[in-house]
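Here's the letter readout for the chains.
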Amino acid sequence: MRKVAVLALVVSVSAVLSACGGGGNSLLNRDRPDEMAVTRAAPLVVPPDFSLTPPNPGSPRPQDTDAGRQALDALFGGPSARSGIETDSLNRAGTAAASIRSTVGDPQTQTVAKGQVVRDILAAPEGDGQAASASIPG
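Keep in mind it's a predicted model, so treat the numbers as computed, not measured.

Peer 1: Honestly, the overall build of the protein chain in this entry has me stumped. Any pointers?
Peer 2: Counting its secondary structure elements, the protein chain contains five helices and zero strands. Starting at the N terminus and walking to the C terminus, you meet the elements of the protein chain as α-α-α-α-α.

Rendered as structure tokens:
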């Protein structure tokens, strides 16, 4: 019985130790970093211009304004004045009827089918026109 216990102990210890090995002597074959490839990180530099201004007394606090409005102003620069051409075009176009969306969605609204040729032209890929050709059906 004692020999079986010793044999079981030897087998279990060898099984546990075999899991520790990774192909040869792992103490001598470690992957070490290349000391010549290591570089120092650049030091942190404070930007020369913060363009920070002290708050004005009585002005609204930035966190009290709408975040969506702030994002749009930051992206697009806020509302800008319209040019004379744009203003003239809008004035000539007039205002749309209040029920325009209902009218367009109404099944009784008459539409004109332009056909397959117009759909093909609109779906054509953009290009420089070098390979373009035209044919007149006869």
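Peer 1: Just to check I follow, could you spell out a nonpolar patch on the surface for this structure?
Peer 2: A contiguous nonpolar patch, built from Leu9, Val13 and Leu17 and spanning about 290 Å² of accessible area, is present on the exposed surface. Take Leu17: it is sitting in helix H1 (residues 2–20).

Peer 1: I tried to follow helix H3 (residues 84–93) on my own but got confused; where do I start?
Peer 2: Along H3, only zero of the 10 residues are buried, which leaves the element largely exposed. Where H3 terminates, the next one or two residues include Gly94, which has phi positive at roughly 80°.

Peer 1: Could you clarify how one ought to interpret the pattern of salt bridges in this entry?
Peer 2: Note on pairing: side chains with opposite charge can pair once their charged atoms come close. Inspection of every chain in the model, using the stated rule, returns two salt bridges. A salt bridge links Glu86 to Arg82; its shortest N-O distance comes to 3.7 Å. Two residues, Asp88 and Arg92, come together in a salt bridge whose shortest N-O distance is 3.3 Å. Taken together, the residues span about one helical turn, with Asp88 and Arg92 both in helix H3 at a distance of four residues. Judged by relative accessible area, Asp88 falls into the partly exposed class, the value being 36%.

Peer 1: I would appreciate a short explanation of the confidence of the model for the protein chain in the present structure.
Peer 2: Summarising the model, the protein chain shows a mean pLDDT of 78, and 90% of its residues fall at 70 or more. The element-level mean pLDDT for the protein chain is lowest in helix H4 (residues 100–105), coming to 78, with H3 highest at 89.

Conventions adopted
- Residues numbered from 1 in each chain as written.
- Predicted model: local features only at pLDDT ≥ 70, side-chain atom pairs only at ≥ 80, totals over all residues.
- Heavy atoms only, no water.
- Helix = DSSP H or I, 4+ residues; strand = E, 2+ residues; numbered from the N terminus.
- Patch = residues over 30% accessible without salt bridge, like charges linked within 9 Å, V, L, I, M, F, W, Y side chains within 5 Å.
- Areas by Shrake-Rupley, 256 points an atom, 1.4 Å probe, with all protein chains shown as cover.
- Salt bridge = Lys/Arg side-chain N within 4 Å of Asp/Glu carboxyl O.
- Buried < 20%, exposed > 50% of the residue type's maximum accessible area, 1.4 Å probe, protein only.
- pLDDT = per-residue confidence, 0-100.

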